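What follows is each chain in one-letter form.
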Amino acid sequence: MTEPAAAPGALPRDGGRPRVAVLISGRGSNMVALLEAATDPGYPAEIALVLSNRADAAGLARAEAAGVATAVVESRGFKGDRAGFEAAMQRELERHGIALIALAGFMRVLTEGFVSRWSGRMLNIHPSILPSFPGLDTHARALAAGVKLHGCTVHLVSPGVDEGPIVAQAAVPVLPDDDESRLAARVLEQEHRLYPAALAWLATGLAGNGPPPPGASGSLANPLPRFEPLPTREG
Ligand SMILES: Nc1nc2c(c(=O)[nH]1)N[C@@H](CN(C=O)c1ccc(C(=O)N[C@@H](CCC(=O)O)C(=O)O)cc1)CN2
Ligand SMILES: NCC(=O)N[C@@H]1O[C@H](COP(=O)([O-])[O-])[C@@H](O)[C@H]1O
């Protein structure tokens, strides 16, 4: 019996690593952290495409320098036609045989149609401990609220913004003399550690919907099989 052809973007059954697209809008430091993790042959996913909705995103040059395919679908060119913008993105994703998506500083709200098409296969990193501080300007809002703990969240993407099922979180202390940039830098350090781990779980079926595929190693009870514990204080 011959195996039916895998659906476009389906997780490879040949033991190959699922092909991931990282969607960015700017600097791309989380994208670089994912690229660096995926250089490890034992990492269970391949970063096959970096796609930006802005041609001036600094992350594009960093991806090209790392030899990764890039694509630009300029959202401004679609003047609010979100469906047209997303259809153009979908064509690029299919052209590159993408199985999983990692939103990394991607600053466009995606429609229900696009999100349901990638349900269980699309992650986002958000710079707060959700459900606190969804949306934008999270560090300024955390400082204004006087919270003592802040951090970041990796979640599966749902139609509601920053409402999707949480996959992983990391916390950092808010220090007395913190300003927005100091706090943002401390959170970003954790983002770069957490996102590669969370993507590895999704790629091995540990974070998606349903049981892990046969032979998947590790468990949610011990989520960081190959990573040291996250630091709780500076240095
Ligand atoms: N359907 C969803 N789309 C997106 C989600 C999500 O959870 N569900 N996460 C965001 C990322 N994000 C927060 O983590 C976020 C990004 C952008 C915005 C926003 O208000 N964008 C404005 C435009 C801003 C701009 O272009 O600079 C908009 O799209 O009108 C809120 C939250 C990614 N998408
Ligand atoms: N609402 C989404 C959002 O605010 N995402 C945040 O944008 C930054 C992108 O940095 P990067 O381009 O260097 O990865 C990151 O801090 C990410 O959590």
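Residues numbered from 1 in each chain as written. Chains lettered and ligands numbered in written order. Predicted model: local features only at pLDDT ≥ 70, side-chain atom pairs only at ≥ 80, totals over all residues. Heavy atoms only, no water.

Where we set the bar: UniProt positions are given in the numbering used here, feature names are shortened, and annotations may be inferred rather than shown by experiment.
Labelled according to an unreviewed UniProt entry, the protein appears under the name Phosphoribosylglycinamide formyltransferase, originating from Roseomonas elaeocarpi. On record in UniProt, under Function (unreviewed entry), the comment for the protein is "Catalyzes the transfer of a formyl group from 10-formyltetrahydrofolate to 5-phospho-ribosyl-glycinamide (GAR), producing 5-phospho-ribosyl-N-formylglycinamide (FGAR) and tetrahydrofolate." Turning to the protein, the UniProt record has this under Pathway (unreviewed entry): "Purine metabolism; IMP biosynthesis via de novo pathway; N(2)-formyl-N(1)-(5-phospho-D-ribosyl)glycinamide from N(1)-(5-phospho-D-ribosyl)glycinamide (10-formyl THF route): step 1/1."

1. Description of the pattern of salt bridges
Short version of the rule: What makes a salt bridge here is a side-chain nitrogen of Lys or Arg within 4 Å of a carboxyl oxygen of Asp or Glu, nothing more. Only runs of H or I of at least four residues qualify as helices and only runs of E of at least two qualify as strands under DSSP, and these elements are numbered from the N terminus. Summary of the burial criterion: residues with accessible area below 20% of their type's maximum are buried, those above 50% are exposed, and those between are partly exposed, where the area comes from a 1.4 Å probe applied to protein chains only.
Taken as a whole and judged by the stated rule, the model has eight salt bridges. Among the ionic pairs, Arg 95 bridges to Glu 92, the shortest N-O distance being 3.0 Å. With Arg 95 and Glu 92 both in helix H3 (residues 82-95), this residue pair falls three residues apart, about one helical turn. Classification of Arg 95 by relative accessible area gives exposed; the value is 60%. With a relative accessible area of 17%, Glu 92 lands in the buried category. Between Asp 178 and Arg 186 there is a salt bridge whose closest N-O contact spans 2.7 Å. Arg 186 carries the same exposure label as Asp 178, and that label is buried. Residues participating in the shared-partner salt-bridge network are Asp 177, Asp 178, Arg 182 and Arg 186.

2. Thoughts on the UniProt feature "active site" (unreviewed entry) in the protein
To keep it simple, the criterion reads: Here, residues are in contact when the closest pair of their heavy atoms is within 4.5 Å.
Per the UniProt entry, the sites bearing "active site" (unreviewed entry) are His 126 in this numbering. Considering the arrangement of structural elements, one finds His 126 in strand E5 (residues 122-126). You can call His 126 buried: its relative accessible area is 3%. Those residues within four positions of His 126 in sequence are excluded, and the remaining contacts are Phe 133, Pro 134, Gly 135, Thr 138, Cys 152, Thr 153, His 155 and Asp 162.

3. A look at the site of ligand 2
Keep this limit in mind: It suffices for a single heavy atom of a residue to lie within 4 Å of a molecule or strand for the residue to be listed as near it. Think of a polar contact as two N or O atoms within 3.5 Å of one another; within protein, one of them needs to be a possible hydrogen donor and the other a possible acceptor, and neighboring residues in sequence only count if both atoms come from side chains. All amino acids are sorted into three groups, where Ala, Val, Leu, Ile, Met, Phe, Trp, Tyr, Cys and Pro are nonpolar, Asp, Glu, Lys and Arg are charged, and the leftover types, Gly among them, are polar.
Near ligand 2, the surroundings consist of Arg 27, Gly 28, Ser 29, Asn 30, Gly 105, Met 107, Ile 125, His 126, Pro 127, Gly 135, Leu 188 and Glu 191. One of the side-chain N or O atoms of Arg 27 is found 2.5 Å from an oxygen atom in ligand 2. In the model, an oxygen atom of ligand 2 is placed 3.0 Å from a nitrogen or oxygen of the Asn 30 main chain. In terms of residue class, the shell around ligand 2 is made up of four nonpolar, six polar and two charged.

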